[in-house]
Amino acid sequence: MPTDRTRRQFVMEEAAAILARTPTTLDALLRGLPDGWIAAHEGGETWSPFDVIGHLIHGERTDWVPRARIILQHGDTRPFDTFDRLAQFAVSEGRTLASLLDEFATLRETSLRELAAFGLTTADLDRRGRHPQLGVVTLRQLLATWVAHDLDHLVQISRVLARQYSDEVGPWRAYLRIISGAQG
């Protein structure tokens, strides 16, 4: 029977392996880049790599593990606190990218230690919580979303950086999905 390589079921150890790599990946990509690259964005209200790192820090503090804790302690009887997805702008003001990368790495390490300490079972992953906008969700969905959220922001940062050379790549633009937006 062929394996579907387009989808995976959630496996805690695999999720933790991805989550553990995000800080190192971002550090390797961003640390030491000139300020113009760090402040780059896609126009309008879009976020720069600096903004994204601040957002990830805010998520470590207020979203993933705190919400997992709410599910484990209260189930769906207590809704999650509302997540302020713009909080990073005030919290990161005046900071350096290096300090944000260091803080993110420390917070993620702490989050993963706490997650491991929960000793989650398959039954725990099926426990339900209540999202203020989405309604009932499971712990499995929350943790899978954490992984996808990390990967989404890695793609976002890569796209922002690549698009800085949108005008410079000339005719190769047609072959660069990250710039052209084509799927593939």
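Being a predicted model, the structure only gives us computed values, none of them experimental.

Colleague: Mind laying out the overall build of the protein chain, listing which residues take part and the relevant values?
Modeller: Scanning the protein chain from N- to C-terminus turns up nine helices and two strands. What you see in the protein chain, going N to C, is helices and strands ordered as α-α-α-α-α-α-α-β-β-α-α. Per-residue burial for the protein chain yields a buried fraction of 39% across its 184 residues. By sequence separation, contacts in the protein chain at least 24 residues apart represent 70% of the contacts at least 6 residues apart. Counting every atom, the protein chain has about 11,000 Å² of accessible surface; 54% of that belongs to carbon and sulfur.

Colleague: Got a sec to walk through helix α3 (residues 49–62)? Specific residues and values, please.
Modeller: Here α3 spans 20 Å end to end across 14 residues, near enough to the 20 Å set by a 1.5 Å rise per residue. Burial runs high along α3: twelve of the 14 residues are buried. Looking only at α3, the buried set comprises Pro49, Phe50, Asp51, Val52, Ile53, Gly54, His55, Leu56, Ile57, His58, Gly59 and Glu60. In this structure, the buried residues of α3 make contact with α1 (12–30), α2 (35–38), α4 (64–74), α5 (88–91), α6 (97–117) and α8 (139–163).

Colleague: Before we move on, could you go through the pairing of strand β1 (residues 128–131) and cite the residues and values that matter?
Modeller: The side chains of a regular strand alternate between both faces of the sheet. Alternating positions in β1 separate cleanly, Gly129 and His131 being buried on one face and Arg128 and Arg130 remaining unburied on the opposite face. By the bridge criterion, four bridges tie β1 to strand β2 (residues 135–138) in an arrangement that is antiparallel. Note that in β2 the partner of arginine 128 across the bridge is threonine 138. Here β1 hands over to β2 after three residues, the two strands then running antiparallel side by side.

Reading the values: the criteria
- Residues numbered from 1 in each chain as written.
- Predicted model: local features only at pLDDT ≥ 70, side-chain atom pairs only at ≥ 80, totals over all residues.
- Heavy atoms only, no water.
- Helix = DSSP H or I, 4+ residues; strand = E, 2+ residues; numbered from the N terminus.
- Buried < 20%, exposed > 50% of the residue type's maximum accessible area, 1.4 Å probe, protein only.
- Contact = heavy atoms within 4.5 Å.
- Areas by Shrake-Rupley, 256 points an atom, 1.4 Å probe, with all protein chains shown as cover.
- Expected span 1.5 Å × (residues − 1).
- Pairing = 2+ DSSP bridges.

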